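Inside the fold
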Amino acid sequence: MTIPLSILDLAPIAPGQTARESFAGSVALAQTAEEHGYTRVWYAEHHNMPTIASSATGILIGHVAEHTRAIRLGAGGVMLPNHSPLTIAEQYGTLAELYPGRIDLGLGRAPGSDQTTARAMRRDPRASDQFPQDVVELQAYLRGESVIPGVQAVPGAGTDVPLYILGSSLFGAQLAARLGLPYAFASHFAPDSLFDAVASYRRDFVPSRQLAAPHVIVGVNVIAADDQADATLQFETTRRARVRGMIARGPAAPDYSDAQIDAFLTTNEGRQIANMMRYSAVGTPDVVREFLEDFAAATQADELIIAHASRDITDRLRSVALTAGAMNAVTV
C-alpha cells in the first residue's frame with residue numbers, strides 16, 4: 001500500500017442484532033483486515049450507546065486476538081479519565097503478555113458518553129484535568145519505572161505497550177508533541193481542527209524513547225463497493241442512522257422516518273451534524289483510492305485509520321477488501 005491502512009471498529013450493533021453477533025462481526029472484520037494487509041485494528045470505548053458494543057475494549061481485544069494471527073490490535077481508545085492508570089497498565093500489560101508485539105494503547109480524555117453516564121461510572125468531573133499526568137503515570141507503569149514508590153503493574157511492568165494520544169482538538173496534539181508520542185486525529189467524526197492540530201503536533205514534536213519522529217494517524221470514513229450507486233445508498237443509510245442516533249436518544253425517543261431525517265439534514269443543525277462525516281470516501285475502488293491518496297497527501301498523514309461505515313457486516317467486509325485492493329492496485 002502507498003500508505004499504511006488501519007481500521008477503527010466500533011463493534012456496531014445493527015437493528016435486530018445482538019452484541020454477541022456484533023462481536024462475531026468484529027472477529028470477521030479483523031480476520032479480513034489481516035488477510036488484506038492492514039496494519040492494525042482499534043476499538044473505541046463508548047458507554048450507554050445501544051448501537052455500539054465496544055465498551056469493554058480490553059476484553060474485546062483479547063477475544064479478537066485469539067481469532068487472529070499477527071495483526072496489531074488495540075484501543076482507539078481507552079478514555080483514561082474513566083479509569084486509574086494502574087488498572088489500565090495491568091489490563092493492557094496482561095494483553096501484551098498474552099499477545100506479545102501485537103497490542104496498542106490509544107488514550108483519550110473524553111468520557112465516551114454523556115454526562116449522566118459519566119456520573120454512573122463514578123467519574124470525577126475534574127478527571128480530564130489530570131489527563132496529562134495520568135498518561136505519564138501509565139507510561140511509567142508499563143516501563144517498569146513507576147512514579148509511585150512501592151507500586152508496580154503486575155502484569156504490565158516492562159511490557160512497554162506503545163501509547164498513542166487521540167484527539168479532535170489542539171490539546172491532544174500539543175500533549176502528544178510534548179511527550180513524543182504518536183498522534184491520532186478523529187477526523188472521521190470531528191473534522192474541523194484537523195489541519196491546525198496536525199501542524200501543531202509536527203511543529204512542536206519532541207523526540208522520545210518511544211518515537212524519534214512525528215507519526216500522524218488520521219481518521220476517515222470509507223464505504224467501498226463494486227457499484228457507485230450501491231456505495232452512495234449505503235452512505236445515505238449510514239448517515240441517516242448516525243443522525244437519528246444523535247437526535248433521538250433514550251427508550252422513549254421518537255422513531256423518525258427516513259424522510260424526516262432527510263428534511264432535518266437540510267436545516268442548519270442537520271448540516272452541522274452531517275459535516276461530522278465530511279471526510280468520507282464513498283464509491284468504487286478507483287473513487288476511494290483517489291480520495292484516500294488526496295486526503296493522505298493533504299494531511300501529510302503517516303497512516304490512515306479507516307472507519308468502514310457500512311451498516312451491514314457483509315458490506316463492511318467487502319469494503320475492507322476493496323479498499324486494500326485499490327490501494328495495492330490489485331483486483332479482489
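About the cut-offs
Residues numbered from 1 in each chain as written. Predicted model: local features only at pLDDT ≥ 70, side-chain atom pairs only at ≥ 80, totals over all residues. Heavy atoms only, no water. Helix = DSSP H or I, 4+ residues; strand = E, 2+ residues; numbered from the N terminus. Rg over C-alpha atoms; globule rule 2.2 N^0.38 Å. Buried < 20%, exposed > 50% of the residue type's maximum accessible area, 1.4 Å probe, protein only. Contact = heavy atoms within 4.5 Å. Areas by Shrake-Rupley, 256 points an atom, 1.4 Å probe, with all protein chains shown as cover. Lys, Arg positive; Asp, Glu negative; His and termini not counted. Charge placed at Lys NZ, Arg CZ, Asp CG, Glu CD. Polar contact = N/O pair within 3.5 Å; in protein donor to acceptor, adjacent residues only side chain to side chain. Pairing = 2+ DSSP bridges. Axes fitted to C-alpha atoms, helices over the stretch in contact; angles between N-to-C directions. Parallel < 35°, antiparallel > 145°, perpendicular 65-115°, else oblique. Left-handed = near helix turned anticlockwise from the far one by under 90°.

In terms of regular secondary structure, the protein chain is built from 12 helices and 9 strands. Relative to its length of 332 residues, the protein chain is compact, with a C-alpha radius of gyration of 19 Å against a globular reference of 20 Å. Along the first, second and third principal axes, the C-alpha set of the protein chain runs to 60 × 50 × 40 Å. For the protein chain, the proportion of its 332 residues judged to be buried stands at 51%. Taking the intrachain contacts of the protein chain between residues at least 6 apart in sequence as the baseline, contacts between residues at least 24 apart amount to 72%. Surface accessibility of the protein chain: about 14800 Å² in total, with carbon and sulfur atoms responsible for 53%. Charge-centre separation for the protein chain: the mean point of 26 positive side chains lies 4 Å from the mean point of 35 negative side chains.

Time to look at the side chain of Ser-6. On the secondary structure map, Ser-6 appears in strand β1 (residues 5-9). Taking relative accessible area as the criterion, Ser-6 reaches 0% and is therefore assigned buried. Separated by 3.4 Å, the side chain of Ser-6 and the backbone nitrogen of Arg-40 make a polar contact. Only 2.6 Å separates the side chain of Ser-6 from the side chain of Glu-303, close enough to count as a polar contact. Beyond its immediate sequence surroundings of up to four residues, Ser-6 is in contact with Tyr-38, Thr-39, Arg-40, Glu-303, Leu-304, Ile-305 and Ile-306.

Buried residues dominate strand β4 (residues 103-108), accounting for 6 of its 6 residues. Alternating positions in β4 separate into two faces, Ile-103, Leu-105 and Leu-107 on one and Asp-104, Gly-106 and Gly-108 on the other, with burial throughout. Two strands pair when backbone bridges link them, and strand β3 (residues 72-79) and β4 are joined in this way by 5 bridges, in the parallel orientation. Residue pairing across strands places Ala-75 opposite Leu-105, the latter belonging to β4. As judged from the 3 bridges shared by β4 and strand β5 (residues 163-167), these two strands associate in the parallel manner. Looking across to β5, one finds that Gly-106 is bridged to Tyr-164.

The contact between helix α3 (residues 85-98) and helix α5 (residues 131-143) brings their axes to 9 Å, and the two run at 40°. By the criterion of interaxial angle, the relationship of α3 to α5 is oblique. Crossing of α3 against α5: the hand is right-handed. Only Asp-134, Glu-137, Leu-138, Tyr-141 and Leu-142 of α5 make contact with α3, whose side of the interface consists of Pro-85, Leu-86, Ile-88, Ala-89 and Gly-93.

Purely geometric numbers; function is a separate question.
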